[in-house]
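# Geometric and topological summary
Here is how the chains run, residue by residue.
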Amino acid sequence: MTTRLPAAIALALVRLGHRRPWRVLIGAAAVVALGIWGGTRLKFDTDVLNLMPRNDRVVVDFRSVLEQFGTLDTLLVAVDVGSEERLETALVLVDALAEELRRSPHLAHVESQLEDPIKLAEAVIRNAVLFLDEEGLRQLEARLSDEGLAARASDIRAAVDTPLGMLAKEFSTRDPLGLLPMLLGRVSSTPSALRLDYSSGYLLSEDHTLVLLLAKPVRPAQDIAFDERLFEDLGERIARTRAAVAGELGVEPADVPTVMLGGGHRIAVEDATLIKRDVILNSVSSVAGVMVLFFLAYRRFATAHYAFLPLTVGLALTFGFASVTLGELSSATAGFAALLVGLGIDFTIVLYGRYIEARRAGHDIGGALEEMAAHSGPAVMLGAVTTVGTFFAFFLTRFSGLRELGLLTGTGIVLMGVSAFVLLPALVTIFDHGKEPPSHSRWLDLSPAIDWSMRHRRLVLGVLLAGTAASVALLPRIEFVDDARNLRAPGNQGVVVQERIAAAYGLSFNAMMIRVSGPTEDEVLRRLRRLGDGLDELIGAGTLSSYQSVAMLVPPPESQRSAIEWARSHRALTDPTRVEATLSTALAAQGLVPGAFGDGLRALGEALNPTDPVTLDVWRGTPVATFIERSFRRDGGEVATVVNVFPPPGKWRREAPPELIELVGGIPGATLTGVNIVSARLREIVWRDALIAGLVGILVVVAILMWELRSVGWSVACLIPVAVGVLWTLGAMAAFGLALNLLNVFVITMVIGIGSDYGIHMLHRLREGAGGSEVAETARAVALAALTTVVGFGSLVTTHYPGLQSIGWMTSMGVVLSCLTAVLVLPIVVRPRGGP
């Protein structure tokens, strides 16, 4: 009836616990202590990209561009202005905050505004006309007319009367024609720049709702211990600075704008905190839940020992294993403890149920344990092996997070099983000595349901077939969400702040990125211009909406030549003497002193009559040079930069435009990447890997069943609950519009491994020729095991990570359906002929 090897192993483990109970418990205490020590050494990997295939070319390109040109190492400090009336207070706070943050030992440097914007104006104003396109030249032509110069004088008058009038006056005296804003607008089209307010020099959003400071921490975001010290220090400095500004300006502290922190470091420390909280909460809630279920089943507080200690030892062993093999947990592996609690308690439930049954039949403790090992031991081991096999099938996937989850959960199930087989006998030997077995509890008594199912065999089978057919028909309606960002906790305040900053400054997380490299900077610029011509055509066709490129800092040579030719053909209009005289008269009419604009007026001669094209060197010595430096990365003999490409709203979220792929493919040294490109690649990988993992899981289960049961018919019958659990779960998802994602698509493999256990336990009992009461008792144990699994997996619904949440409810649904089918359908299929 049973295979010799599993029975022999089960009997050996049970005898070890029964014959040396105190030694086993002392060893268990030592294991728990070591497990706690190992668990405290675990670190937390907060990078969502580390869950993805790490050696895939598309993922590697995306990660490389983010590391080279992203803001992952930049701390975003945002001052929330609130209203225009608080703008002056906000700018005072920014100045004080920049000074205070520069004293922090955790920050390498802090930027709060353009350094000497007046110097920037002086450096580039002489070449301003070269930066104007045809539309800009038409605007300049209108501005150089007598009417335009009069209007310009009026604008200067209005500007100097604003709260930022001092700086505006400085700009106006050096740039009386107002050419600089048209020129500096190009800086906002470069990949590394934010949209600056050039009238003030601050990183002020266009709607004046936020003022930004950029800081560079001295350590990377992945150093969580450093992040915690960093934000503790920053919190104290920000509070101190806000209080000082309130005192300086004589306002209430509540009237001083608040300060928000975002960026990679804030995201990392928030994720680490959430992962740590989830691990503790899920573990504790799962253990508490299964303890309650165990008590309800056996109505004895003493039985808490029997469930609690094997779980604790199994978890301790697994945490120790995790600290040695992985050293860190991620958002994908954070829930492994809850999974193990839900799955590991099954061993104790089934074994203890059979032990109690043998005690009630008159066996002493030793005899009952022998009976338990001989009859339930092989079934428990068989179920454990099938579950472990399906989790280890995750090794065949290319997703690092899933491989790690499979490793921890699969290994943990083995350790949980060994703990149950050794510790349960030790515990009952000590605590049941001289006691009568507990009375039979009617809780979860499924005999009425089984009897009803037997009497209404055709109805049950009809519902089963109809539901399965409907589920299969609904399968094409299931949606797949492949955006890796959906795996991140939505409540992460670092992400919330970053998204608000992106909205205020006109940034976008939907941009595709084109990395362009070459042997020299000049060659890269030539390739960028060629790329820009193609991108302009795609924008004209509506395929793209815009793009950002460092090449925009310098107009194309042909555009500059057109500007030079325009100036030559408009000598009368650009005559410096006429412009200076007319503008001076207009300034005087506005109550301004023309002499104050002398330096700017005298520079007009060179500005309005350019002779030679400019290069990026025109920005040298200005704050814009910092942006240029950030836009280029030099690695060995290669120079690289990145172009951000923006699709029209709502378009190209799941893949890149074919025309863009073709364009980039024709540019030497160009590589296209982005969230949508990665998503398309992951969509391709995940379906293949999920199919492989599922097929391998099925093959493992079938092979083990065939080896154990020696019958195709018995094996097929055992798989009925699994098939129903998987198909009905997917059908329910389709019916309710619930989507698959990068993690829960692998739940199918989990349900195969878990659901097969219920069929195995019911089938073993039915093959023994057990009567109705014995079958009902096994059904009760199976139902209790399913409920504890639901408690373990269901606790994932409370995590902060949508991917784990979906695993929680999807697995719970599959487990419940598999259990109901095993309990209500298998007796119908098996009992009439003594076989399937």
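Description of the structure in this document. Remember, it's a predicted structure, so these values are computed and weren't measured experimentally.

Of the regular secondary structure elements, the protein holds 31 helices and 12 strands. Of all 836 residues assigned to the protein, the portion counted as buried reaches 56%. When contacts within the protein are restricted to residue pairs at least 6 apart in sequence, those whose partners lie at least 24 apart make up 83%. Total accessible area computed for the protein in this model is approximately 34200 Å², and 59% of it derives from carbon and sulfur atoms.

A separate point is the nonpolar core. Counting 141 residues, the largest nonpolar core has Tyr-355, Phe-399, Phe-746 and Tyr-758 as the members making the most contacts within it. For this core, the element with the highest residue contribution is helix α13 (residues 336–360), accounting for 16 residues. Not counting chain neighbours up to four residues away, the residues in contact with Tyr-355 comprise Ile-365, Ala-368, Leu-369, Met-372, Val-428 and Asp-432. Grouped together as the second largest cluster of nonpolar side chains are 62 residues, Leu-535, Val-550, Leu-553 and Phe-632 included.

This part is about a negative patch on the surface. Taken together, the side chains of Asp-533, Asp-536, Glu-537 and Glu-558 make up a negatively charged region of the molecular surface. Counting residues per element, the negative patch draws most heavily on helix α19 (residues 521–540), at three residues. Along the chain, the position of Asp-533 falls in helix α19. Judged by its relative accessible area of 46%, Asp-533 is partly exposed.

A grouping of Leu-5, Ile-9 and Trp-707 is seen on the molecular surface, where their side chains present a nonpolar patch of about 290 Å² in accessible area. Structurally, Ile-9 can be placed in helix α1 (residues 4–19). Take Ile-9: its relative accessible area is 38%, and that puts it in the partly exposed class.

The subject of this paragraph is helix α3 (residues 57–69). In this model α3 runs 18 Å from its N-terminal to its C-terminal C-alpha over 13 residues, within 8% of the 18 Å that 1.5 Å per residue would give. Among the residues of α3, Val-59, Asp-61, Phe-62, Arg-63, Val-65, Gln-68 and Phe-69 are the ones counted as buried.

Along the chain, Val-639 turns up in strand β11 (residues 638–646). Distance from Val-639 to Thr-520, taken between C-alpha atoms, is 5.9 Å for residues 119 residues apart in sequence. With residues near it in sequence (within four places) discarded, Val-639 still touches Val-516, Ser-517, Gly-518, Pro-519, Thr-520, Glu-521, Val-524, Phe-632, Arg-633 and Arg-634.

Turning our eyes to something else, we now look at the packing of aromatic side chains. In the structure shown here, the tally under the stated rule is three aromatic pairs. Residues Phe-392 and Phe-395 carry aromatic rings whose centres are separated by 5.1 Å and whose planes lie at 15 degrees to one another, so their mutual orientation is stacked. What makes Phe-392 partly exposed here is its relative accessible area of 29%.

What follows deals with the pattern of salt bridges. Counted by the stated rule, this structure contains 17 salt bridges. Notably, a salt bridge pairs Arg-266 with Glu-270, separated by 3.1 Å at the nearest N-O pair. Here the residue Arg-266 and the residue Glu-270 both occupy positions in helix α11 (residues 264–298), the gap between them amounting to four residues, near one helical turn. Assigned by exposure class, Arg-266 and Glu-270 land together as buried. Residues participating in the shared-partner salt-bridge network are Glu-99, Glu-100, Arg-103, Asp-233, Arg-237 and Arg-240.

Mapped onto the fold, Ile-661 is located in helix α25 (residues 658–665). Separated by 11 residues in sequence, Ile-661 and Leu-672 have C-alpha atoms that sit 7.2 Å apart. Sequence-distant contacts of Ile-661, that is, excluding residues within four places in its chain, are made with Ala-656 and Leu-672.

Looking now at the packing of helix α26 (residues 675–709) against helix α27 (residues 712–736). One way to put it is that α26 packs onto α27 with a least axis distance of 9 Å and a crossing angle of 135 degrees. Comparing the axis directions of α26 and α27 gives the class oblique. Between α26 and α27 lies a crossing whose hand is right-handed. Listed contacts from α27 to Val-701, Val-702, Leu-705, Met-706 and Leu-709 of α26 are Val-712, Trp-714, Ser-715, Cys-718 and Leu-719.

As a packed pair, α19 and α25 sit with axes 10 Å apart at the nearest point and diverge in direction by 165 degrees. In this view, α19 runs roughly antiparallel relative to α25, as classed from their interaxial angle. Here α19 runs over α25; the crossing is right-handed. Within the contact between the two elements, α19 uses Leu-531, Gly-534, Leu-535 and Leu-538 and α25 uses Glu-659, Leu-660 and Leu-663. Residue composition of the contact of α19 with α25, by class: five nonpolar, one polar and one charged.

Across the five residues that make up strand β12 (residues 670–674), a large majority, four, are buried. Bridging between strand β8 (residues 512–518) and β12 involves five bridges; their strand directions are antiparallel. Residue pairing across strands places Val-516 opposite Ala-670, the latter belonging to β12.

With that out of the way, let us pick up the side chain of Arg-266. Taking relative accessible area as the criterion, Arg-266 reaches 17% and is therefore assigned buried. Apart from residues no more than four positions distant in its own chain, Arg-266 is found in contact with Phe-231, Leu-261, Asn-492, Gln-493 and Gly-494.

Our focus in this paragraph is the pairing of strand β6 (residues 259–263). Among the five residues that make up β6, five are buried, leaving the element largely enclosed by the rest of the structure. In β6, alternate side chains face the same way, and those of Val-259, Leu-261 and Gly-263 on one face and Met-260 and Gly-262 on the other are all buried. The pairing of strand β2 (residues 75–80) with β6 spans five bridges and is antiparallel. Residue pairing in the sheet places Val-79 in a bridge with Val-259 of β6.

Counted at 1.5 Å a residue, the expected span for helix α21 (residues 576–589) with its 14 residues is 20 Å, and the 20 Å between its end C-alpha atoms agrees. Positive backbone phi, approximately 80 degrees, marks Gly-591, located one or two places after α21.

A few words now on the environment of Asp-95. Summarising the element assignment, Asp-95 is placed in helix α4 (residues 87–101). Taking C-alpha positions, Asp-95 is 9.1 Å from Gln-113, a pair spaced 18 residues apart along the chain. Beyond its immediate sequence surroundings of up to four residues, Asp-95 is in contact with Gln-113 and Tyr-202.

Parameters at a glance
Residues numbered from 1 in each chain as written. Predicted model: local features only at pLDDT ≥ 70, side-chain atom pairs only at ≥ 80, totals over all residues. Heavy atoms only, no water. Helix = DSSP H or I, 4+ residues; strand = E, 2+ residues; numbered from the N terminus. Buried < 20%, exposed > 50% of the residue type's maximum accessible area, 1.4 Å probe, protein only. Contact = heavy atoms within 4.5 Å. Areas by Shrake-Rupley, 256 points an atom, 1.4 Å probe, with all protein chains shown as cover. Core = buried A, V, L, I, M, F, W, Y, C linked by side-chain atoms within 4.5 Å. Patch = residues over 30% accessible without salt bridge, like charges linked within 9 Å, V, L, I, M, F, W, Y side chains within 5 Å. Salt bridge = Lys/Arg side-chain N within 4 Å of Asp/Glu carboxyl O. Lys, Arg positive; Asp, Glu negative; His and termini not counted. Charge placed at Lys NZ, Arg CZ, Asp CG, Glu CD. Expected span 1.5 Å × (residues − 1). Phe/Tyr/Trp six-rings, centres within 6.5 Å; stacked < 30°, edge-to-face > 60°. Axes fitted to C-alpha atoms, helices over the stretch in contact; angles between N-to-C directions. Parallel < 35°, antiparallel > 145°, perpendicular 65-115°, else oblique. Left-handed = near helix turned anticlockwise from the far one by under 90°. Nonpolar A, V, L, I, M, F, W, Y, C, P; charged D, E, K, R; others polar. Pairing = 2+ DSSP bridges.

Any functional reading would require information that these geometric values do not contain.
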